[in-house]
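# Report on the structure
What follows is the residue order along each chain.
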Amino acid sequence: ICEVNPVTGLAVVPSNCDSVTDTIVVLNPIDAVVDVYPTQTPSTTAPTTVGNVTTNDTLNGVPVTADNTDVTPVTEGPLSIDDKGVLTLAPNTPSGSYPITYTICEVNPVTGLAVVPSNCDSVTDTIVVLNIIDAANDVMPTTNGGLGNPMVGNVLTNDTFNGIPVKISDVNVMVSNPATPLTPGAPVPVIDRVTGIVSVPAGTPSATYTITYQICEKLNDTNCDTAIATIPVGMPIIDAVDDDYTGIQIYSYPGGRTGVVLENDTLNGNPIVLGRGDVKLTGITVPVGLTLNDDGTISVSPNSASGIYIVNYTICDVINPTNCDSAIATIKVLAQNPAIALVKTATFLDENGDGLAQVGEKIRYNFVVTNTGDVPLINIAINDPLPGVVVSGGPISLLPGESDSTSFTGTYAITVQDLNQGSVSNQATASGTSPRGIIVKDLSDENSNTKDEPTVIIVSGCKVEVFNLVSPNGDGANDYLHIEGLDCYPKNSVEIYNRWGVLVYSAEGYNNNEVSFKGFSDGRVTIKQSEGLPDGTYYYILKFTDFEGRILSKAGYLYLTK
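Now for a description of the structure that goes with this document. Position numbers for residues count from 1 along each chain, tracking the sequence in the order it is written. Owing to the predicted nature of the model, reporting of local features is limited to residues with pLDDT of at least 70; listing and counting of side-chain atom pairs is limited to 80 or more, with chain, interface and lining totals taken over all residues. As a rule here, side-chain values come from all non-hydrogen atoms in the structure, and water together with hydrogens is ignored.

## Digging into the overall build of the protein chain
The condition is simple: Going along the chain from the N terminus, every DSSP run of H or I of four or more residues is numbered as a helix, and every run of E of two or more is numbered as a strand. Taken over C-alpha atoms, the radius of gyration is set against a globule rule of 2.2 Å times the number of residues to the power 0.38. Summary of the burial criterion: residues with accessible area below 20% of their type's maximum are buried, those above 50% are exposed, and those between are partly exposed, where the area comes from a 1.4 Å probe applied to protein chains only. It only takes one pair of heavy atoms within 4.5 Å for two residues to be counted as in contact. With residues, only the protein chains shown are counted as cover, and all accessible areas are computed by Shrake-Rupley using a 1.4 Å probe. In this tally, Asp and Glu contribute negative charge and Lys and Arg positive charge; neither His nor the terminal groups of the chain are included. Here the site of a charge means NZ on Lys, CZ on Arg, CG on Asp, or CD on Glu.
Helix and strand content of the protein chain: one helix and 50 strands. A compact globule built from 562 residues would reach a C-alpha radius of gyration of about 24 Å, whereas the protein chain, at 68 Å, exceeds it by more than 25%. For the protein chain, the spread of C-alpha atoms along the three principal axes comes to 255 × 45 × 30 Å. For the protein chain, with 562 residues in total, the buried portion stands at 40%. For the protein chain, the share of sequence-separated contacts (at least 6 apart) that also reach a separation of at least 24 residues comes to 62%. Of the roughly 29,400 Å² of accessible surface on the protein chain, a fraction of 55% belongs to carbon and sulfur atoms. Across the protein chain, the mean location of the 24 positive side-chain charges is 40 Å away from that of the 60 negative side-chain charges.

This is how it looks when you write it as structure tokens:
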């Protein structure tokens, strides 16, 4: 300011002035206002633009513009704000509340530079992130419980995470209510918590199982959803197939055993192994005399009647007792065929060693009896109808195919008739009893089990032969006139004459024992009978009657010496 003349209004000379500087502070009110954004569902693959934080901010009471304000870029957690105020949410952000604090400052609209002194305001926004997780109920395809299935399905197949199919990398799987066993300890379907795969163990009983499961966001274990998986488990396919054992030779005795009826039966197409416990075998109709054994074979008891037998049986799945199938087994029991054979041989016992058969000498019979049937025989005995034969031994028992050659023997004393005939022919009978009481018999044969011919032995003893030397000196040799063969001809007579034709000895029924010529005369001409006849040559006449009534004779000389 300068002084002036009040009259002239002109500045005084010299000038009279003074200067000073005033400062005016201008403050434009700037207001960063808290923003409210809807709940965010972030993309799983790209960032999500939430909005612009400057939308409701003001400068001098009017909305700010990009020309008069500037935003300081900032990043906090999954949130970021650029210099334009754009708020971005990072991909794959877990559910939760996320704060971010930002600052806006006034700038010179002309220069674009921040005003001085700075005119700024800060505020904190909060973004709520909620990933939408949806666990949907599942119905799995029916599984054969006998076979099981390690991969029936996956509970995550129809579950979603933010509207797209869920990935196991996004969630954790938890089972809140597992399947209930049909019986204590029985297998049940399960969910693999690592993969979400549903598996049915082999041998799982047939039923409809449910499992309650939960999927939770991995990065926020409070963000969860629950669903129910329904797993129907069906029965195994069980197939009992009829058995035909009529081609197996099973006799009424000793009975027998079939093969295993289960060997052609199947469970789920696989052979049934009885000892493994897959099935239970039960006889429905088992005829008397037959037994369905625990090992699956059928036993036929000894002495069962012959014929066709039908065994009806059923097999049931052990884990599903109502899952059963039935079949029949046909067995043919053959009739018993008892049979016996007898071989009889004869041996002459030459007791005096002279090579000739004599009355009273023995024939020994040996018997070989054989069980030629297919059943045991008891009470085996031998009968020989020839009068005079004595059979000893027995009774015995023989198994099929067994023979005996030592238990039975027979003896027979040779008769005059035998000697006359020159042979002894006879036939014995062997008999035995089968287990069913059937008596079988066989006529003997001399050398064959299949033939029935009598046993014949030649007895040579009826040949009349006069041993014409008599020396009654007591030395045991030729002490009497021995006439061989007279045992066969008891009706006989002997006459002895001396050289003059005088009868010195005669006898009826000469037998070489009580009636025999020993050098003594019984004729009337003998003077001293006690001294015996003198040595010399004598003449004999022998007459005998054969079985046909013919009178035969022999004559000749004999020599007497002392």
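## Brief notes about the sheet that holds strand β22 (residues 238–239)
Rules: A strand pair is defined by DSSP finding two or more bridges across the two strands.
Strands sit in the order β22-β26-β27 across an open sheet of three strands; the sheet is antiparallel. Each edge of the open sheet is held by one strand with a lone partner, namely β22 and β27 (270–271). Inspection of the sheet shows strand β26 (residues 266–267) paired to β27 by two bridges, in the antiparallel sense. Each residue of the ladder has a partner; that of Thr 266, found in β27, is Pro 271.

## Some words on the pairing of strand β39 (residues 409–413)
Every second residue of β39 is oriented toward a common face, the buried set being Gly 410 and Tyr 412 and the non-buried set Thr 409, Thr 411 and Ala 413. Across three bridges, the pairing between strand β36 (residues 390–392) and β39 is antiparallel. Counterpart to Val 391 in the pairing with β39 is Gly 410.

## Focus: the nonpolar core
Let me state the cut-off plainly: What we call a nonpolar core is a set of buried Ala, Val, Leu, Ile, Met, Phe, Trp, Tyr and Cys residues that are connected through their side-chain atoms within 4.5 Å.
Counting 48 residues, the largest nonpolar core has Val 369, Leu 481, Ile 483, Ile 496 and Phe 517 as the members making the most contacts within it. Core analysis: the next-biggest nonpolar cluster, separate from the first, contains 24 residues, Val 152, Phe 161, Ile 191 and Val 233 among them.

## Focus: the state of the cysteines
The line we're drawing: Throughout, a disulfide means two cysteine sulfur atoms within 2.5 Å of one another.
One pass over the full model with this rule turns up four disulfides. Across a sulfur-sulfur distance of 1.5 Å, Cys 2 and Cys 17 are joined as a disulfide pair. Residues Cys 2 and Cys 17 are joined by a disulfide whose S-S torsion is about 110°; by sign, that bridge is right-handed. In this pair, Cys 2 sits in the segment before β1 (30–31) while Cys 17 sits in the segment before β1, placing the two residues 15 residues apart along the sequence. The class for Cys 2 is partly exposed, based on a relative accessible area of 48%. When its relative accessible area of 40% is taken as the criterion, Cys 17 is described as partly exposed. Here Cys 216 engages in a disulfide with Cys 224; their sulfurs sit 1.9 Å apart. Every disulfide takes its handedness from the sign of the S-S torsion; for Cys 216 and Cys 224 that torsion is 110°, giving right-handed. A relative accessible area of 1% places Cys 216 in the buried class.

## What about a nonpolar patch on the surface?
What counts is decided by this rule: For patch detection, residues must exceed 30% relative accessible area and be free of salt bridges, and they are connected within 9 Å for like charges or within 5 Å for nonpolar side chains (Val, Leu, Ile, Met, Phe, Trp, Tyr). We define a salt bridge as a contact between a side-chain nitrogen of Lys or Arg and a carboxyl oxygen of Asp or Glu at a distance within 4 Å.
Nonpolar side chains collect at one region of the surface, where Leu 469, Tyr 539, Tyr 557 and Tyr 559 lie side by side and expose about 390 Å² of accessible area between them. Here Tyr 539 lies in strand β49 (residues 536–545). Taking the relative accessible area as the measure of exposure, Tyr 539 reaches 30% and is therefore partly exposed.

## Details of the packing of aromatic side chains
This is how it is decided: Here a pair means two rings of Phe, Tyr or Trp (six-membered ring of Trp) with centres within 6.5 Å. Their orientation is stacked below 30 degrees between planes, edge-to-face above 60, and tilted elsewhere.
Overall, the coordinates contain three aromatic pairs when judged by the stated rule. With a centroid separation of 5.2 Å and 55° between ring planes, the pair formed by Tyr 505 and Phe 517 is classed as tilted. In this pair, Tyr 505 sits in strand β48 (residues 503–508) while Phe 517 sits in the loop between β48 and β49, placing the two residues 12 residues apart along the sequence. Here the two residues Tyr 505 and Phe 517 agree in accessibility, since each one is buried.

## Structural notes on the side chain of Ser 521
Mapped onto the secondary structure, Ser 521 falls in the loop between β48 and β49. Classification of Ser 521 as buried rests on a relative accessible area of 4%.

## Looking at the side chain of Asn 512
The condition is simple: Pairs of N or O atoms are called polar contacts if they sit within 3.5 Å, as long as, within protein, a hydrogen donor faces a hydrogen acceptor (for residues adjacent in sequence, only side-chain-to-side-chain pairs).
Secondary-structure assignment places Asn 512 in the loop between β48 and β49. A relative accessible area of 9% places Asn 512 in the buried class. A distance of 2.8 Å separates a polar side-chain atom of Asn 512 from the backbone oxygen of Ile 483. Contacts of Asn 512, omitting those with residues within four sequence positions, involve Tyr 480, Leu 481, His 482 and Ile 483.

## Looking at the pattern of salt bridges
All told, the structure shown has three salt bridges when counted by the stated rule. For the salt bridge of Asp 278 with Arg 276, the shortest nitrogen-to-oxygen distance reads 2.6 Å. With a shortest N-O distance of 2.4 Å, Asp 384 and Lys 344 are connected by a salt bridge. Separated by 40 residues along the polypeptide, Asp 384 in the loop between β35 (377–383) and β36 and Lys 344 in strand β33 (residues 340–349) bring together distant segments of the chain. Comparing Asp 384 with Lys 344, the two get one shared label, buried.

## A short note on the sheet that holds strand β25 (residues 256–257)
Pairing within the open sheet is antiparallel, and its three strands lie in the order β25-β30-β29. Strands at the two margins of the open sheet, each flanked by one partner only, are β25 and β29 (290–292). Relative to strand β30 (residues 298–300), β25 runs antiparallel, the two being bridged by two bridges. The residue bridging Gly 256 from the neighbouring strand is Val 300, located in β30.

## Some remarks on unusual backbone geometry
Here the amide bond leading from Tyr 253 into Pro 254 is cis, since omega sits at 10°, within 30 degrees of zero. Tracing the chain through its elements places Pro 254 in the loop between β24 (250–251) and β25. Residue Pro 395 is reached from Gly 394 by a cis peptide bond, and omega for that bond is -5°. Although it is not a glycine, Asn 92 adopts a positive phi angle of roughly 60°. Tracing the sequence through the fold places Asn 92 in the loop between β8 (86–89) and β9 (96–106). Its identity as a non-glycine residue notwithstanding, Asn 268 has a phi of 60°, on the positive side.

## A closer look at the environment of Ser 403
Structurally, Ser 403 can be placed in strand β38 (residues 403–404). Each C-alpha atom of the pair Ser 403 and Asp 170 lies 90 Å from the other, and the pair is 233 residues apart in sequence. Discounting residues that sit within four places of it in the chain, Ser 403 has contacts with Val 369, Thr 370 and Leu 398. At 2.7 Å, the side chain of Ser 403 forms a polar contact with the side chain of Thr 370.

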